[in-house]
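Read off the chains here:
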Amino acid sequence: MSTSFFSATRLACAALGLMLLAGATAHAADKDLKLEAQLVVGSNDPQTKGTPVSPQVEKKLKRLPLKWGSYYVVSSQQFSVAKDDSKQLLLGGSEMVVKNLGGERVELTLINRGKITQSLRKDQTLVTNVKDENSFVVLRQAD
Amino acid sequence: MKLQAFLDGELPAREAREILTWTQRDREASSLLAELRNTRQALAKSEPHLSLPESREFFWSKIEREIQRLEPHPVAAPPPSGFAALRRWFFPAAAVSALVIAGMIAYFQAPTAAVQTVADADAPTVETTLANSDATTYRDASEGTTLVLFSYAVDNSPVKNKKPTAIN
């Protein structure tokens, strides 16, 4: 019984399956990242400039320790970044570079300010402030 | 002939008594009986001892009997003692139970460990470019949101109650 269970054919099939699974996983991890960067302005007053952020983003922003009651999208960019590739952006007068590190990790470099390395899966959002006190960049994977 | 038969013990008791009486009375008969007895004894002593050759069947049957004699006879196994029965079933059962318990512990601990691992992997790494700048990090694990606030000037702080260190 054990001989047939651990037969060479079954072991070979199992190894092949694992290799295919590993290959598929590696391929998924190294595919291009489709990202969306939004310049969001926070305000405590009704604002005509920009459009209100999506309810999903609004919920996330309102849970953060920020002093604004409403958030509006001033500009938005969707782009794809290949693994180990970078995309340069200019949002709200701030220059930044987004690099795909692979494995759904990104490196956001804000010129003359700093660098953030963060995993950015579908359910994750990265928020950082830019020049104006009520201006933020919301970076996440595009839907 | 009667004397020879008497000597061989083949005569009936009555005739044997008559012969015995006759040999006691007749000297010639007595000497003849003695001679026959001597001859018989001499033949008995000088007769060569002949051994019959063994037959083929007898030879092999003898080997078979010898083999059977030398073979260890199966000894009836003693009835298993209570400890032996306990050892036979208890140890495997204990091993299986230990494996099940270990599996349950791993199963119930795994989600926590996985969350901790993911949480550690999700922790952002922040580097500030300027020497006098600072960065504050806030993580909302339930929503998967990370906020990184770079400080420019204290007056421009967008945080409700800004703290100089990381909020988590």
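Here goes a summary of the coordinates provided.

Rules used in this analysis
Residues numbered from 1 in each chain as written. Chains lettered and ligands numbered in written order. Predicted model: local features only at pLDDT ≥ 70, side-chain atom pairs only at ≥ 80, totals over all residues. Pairing = 2+ DSSP bridges. Helix = DSSP H or I, 4+ residues; strand = E, 2+ residues; numbered from the N terminus. Axes fitted to C-alpha atoms, helices over the stretch in contact; angles between N-to-C directions. Buried ≥ 20, exposed ≤ 12 C-beta atoms within 10 Å, placed from the backbone.

**Some details on the sheet that holds strand β1 (residues 125-128) of chain B**
Piece 1. Taken together, five strands build an open sheet; the order of strands is β4(A)-β5(A)-β6(A)-β7(A)-β1(B) and the sheet is antiparallel. Strands with a single pairing partner mark the edges of an open sheet, and in this sheet they are β4 (86-91) of chain A together with β1 of chain B. Neighbour to neighbour, the strand axes of the sheet diverge by 15° on average, direction disregarded.

**Some thoughts on the sheet that holds strand β3 (residues 70-81) of chain A**
Piece 1. Ordered in space as β2(A)-β3(A)-β1(A)-β9(A)-β8(A)-β3(B)-β2(B), the seven strands form an open sheet in which the pairing is mixed. A strand with exactly one partner marks an edge of an open sheet, and here the two such strands are β2 (51-52) of chain A together with β2 (134-140) of chain B.
Piece 2. Pairing of strand β1 (residues 33-43) of chain A with β3 of chain A, which is carried by eleven bridges, proceeds in the antiparallel orientation. Opposite L33 of chain A, over in β3 of chain A, you have V81 of chain A as the bridge partner.

**Describing the pairing of strand β8 (residues 125-129) of chain A**
Piece 1. Most of β8 of chain A sits inside the fold, with five of its five residues counted as buried.
Piece 2. Neither face of β8 of chain A is exposed, since T125, V127 and N129 of chain A on one face and L126 and T128 of chain A on the opposite face are all buried.
Piece 3. Inspection of the sheet shows β8 of chain A paired to strand β3 (residues 145-151) of chain B by four bridges, in the parallel sense. Residue T128 of chain A lies in a different strand from β3 of chain B, and its bridge partner there is V148 of chain B.
Piece 4. Where β8 of chain A meets strand β9 (residues 135-141) of chain A, five bridges bridge the pair, whose relative direction is antiparallel. For T125 of chain A, the partnering residue across the bridge sits in β9 of chain A and is R140 of chain A.
Piece 5. Between β8 of chain A and β9 of chain A, which pair antiparallel one after the other, the connecting turn spans five residues.

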